[in-house]
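Summary of the model geometry
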Amino acid sequence: MPEGIQAGEKNLDKVFCNDYLFKIPVFQRPYSWTTEEVSELLDDLLFAMEQDDKEPYFLGCIVLIKGDEPESYVVDGQQRLTTLSMLLCLLRELADEHGVKNLIDGRIRQRSDPLTGAQEVVRVELRRQDRDFFHSFVQSEGGVESLLESTPETKTDAQTRILENVNFLNGKLTKLSTQERMNLASFIIARCYLVVVSTPNETSAFRIFSILNNRGLDLSATDILKAEIIGGLEEDEQESYGEKWEDIEQELGREKFNDLFTHIRMIYGKAKLRRNLPDEFREQVLRKHTGSDFIDHVLDQYDDVYKRVRGLDEQGQEAGRYLQFLRLLDNADWIPPVMAFFHRNPHSPALLGKFTRDLERLAFGLFLRRSNINDRISRYAEVLEDIEKDEDVCRDGGPLQLSIGEKKEVRDVLDGPIYTVPRVPRPLLLRLDSLLADAVATYDHPIISVEHVLPQSPKGTSNWLHWFPSEEERTYWTHRLANLVLLSSRKNAQASNYEFDHKKTNYFQRGGVVTFALTSQVLGEVEWTPQVLRERQSDLLRKLAIEWRLE
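Residues numbered from 1 in each chain as written. Predicted model: local features only at pLDDT ≥ 70, side-chain atom pairs only at ≥ 80, totals over all residues. Heavy atoms only, no water.

On to the packing of helix 2 (residues 78-94) against helix 6 (residues 157-173). Between helix 2 and helix 6, the least distance of the axes is 10 Å, while the angle of their chain directions is 50°. The angle between helix 2 and helix 6 places the two elements in the oblique class. Helix 6 is crossed by helix 2, and the crossing has right-handed handedness. Every residue of helix 6 that contacts helix 2 at Met86, Leu87, Leu90, Leu91 and Leu94 is listed here: Ile162, Asn165, Val166, Leu169, Asn170 and Leu173. Here the residues of the contact of helix 2 with helix 6 are counted per class, giving nine nonpolar, two polar and no charged. (Axes fitted to C-alpha atoms, helices over the stretch in contact; angles between N-to-C directions. Helix = DSSP H or I, 4+ residues; strand = E, 2+ residues; numbered from the N terminus. Parallel < 35°, antiparallel > 145°, perpendicular 65-115°, else oblique. Left-handed = near helix turned anticlockwise from the far one by under 90°. Contact = heavy atoms within 4.5 Å. Nonpolar A, V, L, I, M, F, W, Y, C, P; charged D, E, K, R; others polar.)

Structure follows, in structure tokens:
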């Protein structure tokens, strides 16, 4: 190993200690984990904690710029370190015993020590813009309580994510018993490990980061499984089946080929992947098939289905319409149920169309409500159970359908400040645009952005303030569905504040052409007032409610 580079496995007791004072450099992107990533981390920690074995639980690798002093500048690992520190802060605040609070607090901050001259400092220090917020409302004793009671104003996206994640973690942790929270704190500190790579040289640190994040052609899960499956065949079968395997992999590409195996495992396992893919694939899939049977009747057949689902082999049937909408989403958890249903009903276009229509409604319902990965997988597992049992999957009251409460939640989200909901605006507006166009639109523009009609910060002399003299009313409408449009170009901060007529002519149109039906509607308006927005909001919500049967 080059001189100066150090690497080793360390549990968090040896990470959140006086040897390291983690600082997030100014060049780092902001803290950006949403409740989805936080939920997945917490769920995985709780699951691992409940296992009988004493195996260490690895949280990945962090890369630091660090010399002999404790100051450690984080090149890779900010999201995990910040979230783990946040989680410990919640556990400290919820601890009943003073002694336990102090023990956890010692992993959150370095206490002052007049004998050694050590100063009191937090062990994870965020970027300058968010440092004081995180310290005041999360790391300081009593800060979390203050944050939950007062809901302070957030000035950056990172602060908003912190506020959301603290609320989320508090809700989850308060449902645990005192002993369970104690066990979780102990598990995190003693049994959770990070691979810590450090170098005093900035150039070296970035080179390490680049290497660790380079996808390359490292040995993949499917490479391991291939060696076992093909290697277990009779010698006279190995060549032909090896070629069949490689043809499928080459046509899909390595990444999609690996995804195919992940989806097949979900179809069989009907639960979240808890260990590594090869281990669970052997246990849940391969124990039911010989090697040749797996390749002929599982891999080959699901490959054909997967290509249809991903649009790689479009059939042009009604199901394709809803598959196109599903592909707008920010996750692929919906794919296994579609693959399983298509696999069982390959020659029933009407049935496939009905199923994908219902699944698209469910998937968008989960998406709009920001259901986390665990909730999504659990719901889709229920759908997979129905498919396997040959139940009437589309029946009322089944897991494929939205409940009355879920429909209300979706309506409430749609009628709220939708622009502020992470990851939602663009896919939702594209779905709505296709509905307004009354056709399956194709979106092949290299850039599609979401723009506000009423600007977020209109100038004091503009006509916008004449139409919206009340700041309260202006704030109410700014981020709602009625005020949002799509553009086939990058957002232009200066153009965002144009007067309405100028904005329609010189920003929403390119060469006299408007790409999106949603945006075209705005061009027909003479003014943009609260009354216009109320009518437009009502119309858009009504169309979505009819399409997704939300009444």
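Inspection of the secondary structure assignment puts Leu81 in helix 2. On the basis of relative accessible area, Leu81 is assigned to the buried category, the value being 1%. Sequence-wise, Leu81 and Glu125 are 44 residues apart; in three dimensions their C-alpha atoms are separated by 9.9 Å. Excluding anything up to four places from it in sequence, Leu81 contacts Val15, Phe16, Phe22, Ile62, Val74, Val124 and Leu194. (Buried < 20%, exposed > 50% of the residue type's maximum accessible area, 1.4 Å probe, protein only.)

For helix 21 (residues 471-478), the complete set of buried residues consists of Arg474, Trp477 and Thr478. Seen along its axis, helix 21 keeps its buried residues to an arc of 105°; they face one direction. Residues of helix 21 that are exposed and point more than 90 degrees away from the buried face comprise Glu472 and Thr475. Where helix 21 is buried, its residues touch strand 9 (449-452), helix 20 (464-467), strand 10 (484-487) and helix 24 (530-547). (Arc of directions from axis to C-beta.)

Topologically, Ser140 is positioned in the loop between helix 4 (128-139) and helix 5 (143-150). Once residues lying within four places of it in the same chain are set aside, the contact partners of Ser140 are Arg92, Glu93 and His135.

This paragraph deals with the nonpolar core. In this structure, Trp245, Phe294, Trp334, Met339 and Phe355 are the most contacted members of the largest nonpolar core, which totals 85 residues. Among the nonpolar cores identified, the runner-up in size contains 57 residues, and Met86, Leu147, Leu184 and Val196 belong to it. (Core = buried A, V, L, I, M, F, W, Y, C linked by side-chain atoms within 4.5 Å.)

Counting through the fold element by element, Glu360 comes out in helix 16 (residues 349-368). Among the polar contacts made by the side chain of Glu360, one reaches the side chain of Arg431 at a distance of 2.5 Å. Once residues lying within four places of it in the same chain are set aside, the contact partners of Glu360 are Tyr322, Phe325, Leu326, Arg431 and Trp548. (Polar contact = N/O pair within 3.5 Å; in protein donor to acceptor, adjacent residues only side chain to side chain.)

A full pass over the atoms with the stated rule returns 20 aromatic pairs. Seen in terms of ring centroids, Phe364 and Phe367 are 5.9 Å apart; in terms of plane orientation they differ by 85°. Their pairing is edge-to-face. Taken together, the positions of Phe364 and Phe367, both in helix 16 and three residues apart, correspond to about one turn of that helix. Taken together through their ring pairs, the aromatic side chains of Trp245, Phe257, Phe261, Phe281 and Phe294 make up a single cluster. Sitting above the plane of the Tyr322 ring, Arg321 keeps its charged end 5.7 Å from the centroid. A cation over a ring is seen here: Arg431 above Phe325, with NZ or CZ 3.8 Å from the ring centre. (Phe/Tyr/Trp six-rings, centres within 6.5 Å; stacked < 30°, edge-to-face > 60°. Lys NZ or Arg CZ within 6 Å of the ring centre and 35° of its normal.)

Moving on to the pattern of salt bridges. Under the definition given, this model contains 46 salt bridges. Residues Glu228 and Arg282 are paired through a salt bridge, measuring 2.6 Å at the closest nitrogen-oxygen approach. In this pair, Glu228 is assigned in helix 9 (residues 221-231) and Arg282 in helix 12 (residues 277-284), connecting sequence segments 54 residues apart. Overall, the relative accessible area of 36% leaves Glu228 in the partly exposed class. Each of Glu36, Glu37, Asp330, Asp333, Arg370, Arg376 and Arg423 takes part in a single network of salt bridges with overlapping partners. (Salt bridge = Lys/Arg side-chain N within 4 Å of Asp/Glu carboxyl O.)

Counting buried residues along strand 8 (residues 192-199), six of its eight residues qualify, which places the element largely inside the surrounding structure. Of the strand pairs in this sheet, strand 1 (residues 6-11) and strand 8 are connected by six bridges, and their pairing is antiparallel. Looking at the pairing, Asn11 lines up with Tyr193 of strand 8. Here strand 3 (residues 57-66) pairs with strand 8 via seven bridges, running parallel. Note on strand 8: the bridge partner recorded for Phe58 is Tyr193. (Pairing = 2+ DSSP bridges.)

Okay, unusual backbone geometry next. Backbone geometry at Thr151 places phi at a positive 45°, although glycine is not the residue there. Among the secondary structure elements, Thr151 is positioned in the loop between helix 5 and helix 6. Residue Thr151 is classed as exposed on the basis of its relative accessible area, which comes to 53%. A positive phi angle is found at Arg370, which is not glycine, with a value near 55°. Here Arg370 lies in the loop between helix 16 and helix 17 (373-388).

Turning our attention to the confidence of the model for the protein. On average, the protein scores 86 in pLDDT, and the residues at 70 or more come to 91%. Highest mean pLDDT in the protein belongs to helix 18 (residues 404-414) (95); lowest belongs to helix 8 (residues 202-212) (68). (pLDDT = per-residue confidence, 0-100.)

Here helix 1 (residues 35-50) is 16 residues long and its end C-alpha atoms lie 22 Å apart, about the 22 Å a rise of 1.5 Å per residue gives. Considered for burial, the residues of helix 1 that qualify are Glu36, Val38, Ser39, Leu41, Leu42, Asp44, Leu45, Leu46, Ala48 and Met49. Packing partners of the buried residues in helix 1 comprise strand 3, helix 2, helix 6, helix 7 (178-191), strand 8 and helix 17. (Expected span 1.5 Å × (residues − 1).)

Once that is clear, we can look at the sheet that holds strand 7 (residues 124-125). On the basis of which strands lie adjacent, the open sheet formed by six strands has the order 1-8-3-4-2-7 and mixed pairing. For this open sheet the edge positions go to strand 1 and strand 7, each flanked by a neighbour on one side alone. Against the sheet, helix 1 makes contact with strand 3 and strand 8, and its axis sits at roughly 125° relative to strand 3, the strand it touches most. Each of strand 2 (21-23), strand 3, strand 4 (71-76), strand 7 and strand 8 touches helix 2; the most contacted strand, strand 3, lies at about 115° to it.

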